[in-house]
Amino acid sequence: MDRRLFLKSSLAAATTTAFGATATKVAWARPNARPTLPMPGLLDLTQTGRLDLVAQQGRHRFGQDSAPSSTFGYNQAYLGPIVRANQGQEIAARILNDLREPLATHWHGLIVPGEVDGGPHQAINPGEVWEPILPIDQPPSTAWFHAHTHPHTARQVYSGLAGVFQISDGRDDERGLPHEHGVDDLTLVLQDRRFDEAGRLSYRLGMFDRMQGFRGDQIVVNGAPNPRSSVPRSIVRLRLLNGSNARIYHLRFDDGRPMHVIASDSGYWSDAVPTNELRLAPGERFEVLVDFSDGRDVSLLTGPDQNRGGPGMMGMMSNMRSFTTGFLDDDLPILSFHPGGRKGAIDRMPEKIDDDLGQPPTNFARKRRFSLDMMLGGMPMGGGMMGRGGAGPTMGINGRAFDMQHINEQVSLGTTEHWVIESDMMMHPFHIHGVRFRVLADETGQAPRLENRGYKDTVLVDGRAEVAVEFTQPAARETPLMYHCHILEHEDAGMMGHFSVS
Ligand SMILES: [Cu+2]
């Protein structure tokens, strides 16, 4: 065999081993073949107060010409409906697990007691039903729900078990916000995926995926790769959810036009704040307004995700680094917008959105420290890193992998605490269940960066983040609340803990 050919084929084999599937750009990604943006139906609970979900297996075609993929979804083949409830409602939910494996369904962003939170302690068996009552007692926001079955969260979410949960107070007109679902109010679930040659969804974990979290080379929006969307020539609201397993998005428009941020995870900001780039970590949500009144076509892109590990991890894995360049270093198209002839309801950018957020709390009942640890055991490619019987690396918090039987922290109900979260080697999005918090400090070392203004439930820890957490919901030891890294492969590998509140 010719030496260059030999090198090329052994490189391809090594890449396949390291990543699982090779990165295949499929034909249906051509711009002229781009699908129309799907918009899941709105399941409006504001009159009924009842939420019926069936977790089911399905077959979903990601592109028009692609072979069907085996997927999971809630009430549909892939993803779930967009659920809308009103602030002050009590929702009677009923979730039937029609899969052939256990499933826990967590309400990410709902500030509810531990016994209805849907963490790993509340997994239901195939054929069984879970009926939590959800008190919706929090400000309007874009939350979501997704699989949280330990240690299968990453695969289950990747397969499609996620949906959006909007909380409304019916005051969008007063705020001057667009609110016609699917017209000038678009909910966008951003996910990166890999596909095989036939366009079928692929989730084969290589070593890098276990270490750094799984990243795909194509961005799928609401289940369609790189779609196109017709929008009115006016102000349009985008509700953005990062529903990816590990990718951090750096969102921007290809013509540089601003996004005006009006809300983050847990509610509105006081003012619409313009920015040209928005960082969106796994689990985070933002609502932005975009002005399409000039009628010009424009595309939303994401810049490279650099979260591949710092010097420590890269030193250890440096001989493999060349395999991770390539698709991770490129801009990726997400979604193109095509303003049509019609004008929407809102043609003026609102300035004031909601009440002043006020300063974060300064009085704390307690301070706790959490270090997010990739416990690699100092053995490159060896036993330590491939612990857990060779299934992958072990990860933990404060040196300890998640243990269903061991409650890590006990918190007093009604208190506010100061949590300091630290990371090395990589950035980790840290999510706390059943609460909202304010970010006191982050990697900027001064005032928190734009993304960390406002109330949140997930914060990207780049070295260090400090948050002020309000504990308003009880959680018994049998049904504790969770805190964890939202890189789902890290969570499954043990970077998670749980706490009771009483
Ligand atoms: Cu992590």
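Refer to the preceding data block for the structure.
Reading the values: the criteria
- Residues numbered from 1 in each chain as written.
- Predicted model: local features only at pLDDT ≥ 70, side-chain atom pairs only at ≥ 80, totals over all residues.
- Pairing = 2+ DSSP bridges.
- Helix = DSSP H or I, 4+ residues; strand = E, 2+ residues; numbered from the N terminus.
- Buried ≥ 20, exposed ≤ 12 C-beta atoms within 10 Å, placed from the backbone.
- Axes fitted to C-alpha atoms, helices over the stretch in contact; angles between N-to-C directions.

The subject of this paragraph is the pairing of strand E24 (residues 366–375). Along any regular strand the residues' side chains alternate between the sheet's two faces. Here seven bridges tie E24 to strand E27 (residues 416–423), and the two strands are oriented parallel to one another. By the bridge assignment for E27, Arg369 is matched with Val420.

With that settled, consider unusual backbone geometry. Note the cis peptide between His150 and Pro151, where omega equals -5°. Examined against the element boundaries, Pro151 turns out to sit in the loop between strand E9 (141–147) and helix H2 (153–158). A positive phi is found at Asn398, a non-glycine position, where the angle reads about 50°. By the secondary structure assignment, Asn398 is in the loop between strand E25 (394–397) and strand E26 (409–411). Overall, Asn398 belongs to the partly exposed group, with 14 C-beta atoms counted inside 10 Å. One non-glycine residue, Met425, adopts positive backbone phi at about 65°. With respect to the helices, strands and loops of the structure, Met425 is situated in the loop between E27 and strand E28 (428–432). Met425 gets classed as partly exposed once you count the C-beta atoms within 10 Å, which come to 19.

Another point: the sheet that holds E28. Pairing within the open sheet is mixed, and its five strands lie in the order E26-E34-E33-E28-E31. For this open sheet the edge positions go to E26 and strand E31 (458–461), each flanked by a neighbour on one side alone. With strand direction ignored, the average angle separating the axes of adjacent strands in the sheet is 25°. Here strand E33 (residues 481–485) runs beside strand E34 (residues 496–501); their pairing, made up of four bridges, is antiparallel. Residue pairing in the sheet places Leu481 in a bridge with Phe499 of E34.

On to the sheet that holds E24. One open sheet accounts for six strands, arranged E25-E24-E27-E32-E29-E30; its pairing is mixed. Taken across any chain shown, the strands that pair with only one partner, and hence form the sheet edges, are E25 and strand E30 (455–456). Pairing between strand E29 (residues 436–441) and E30: two bridges, direction antiparallel. Bridge pairing in E30 places Arg438 opposite Tyr455.

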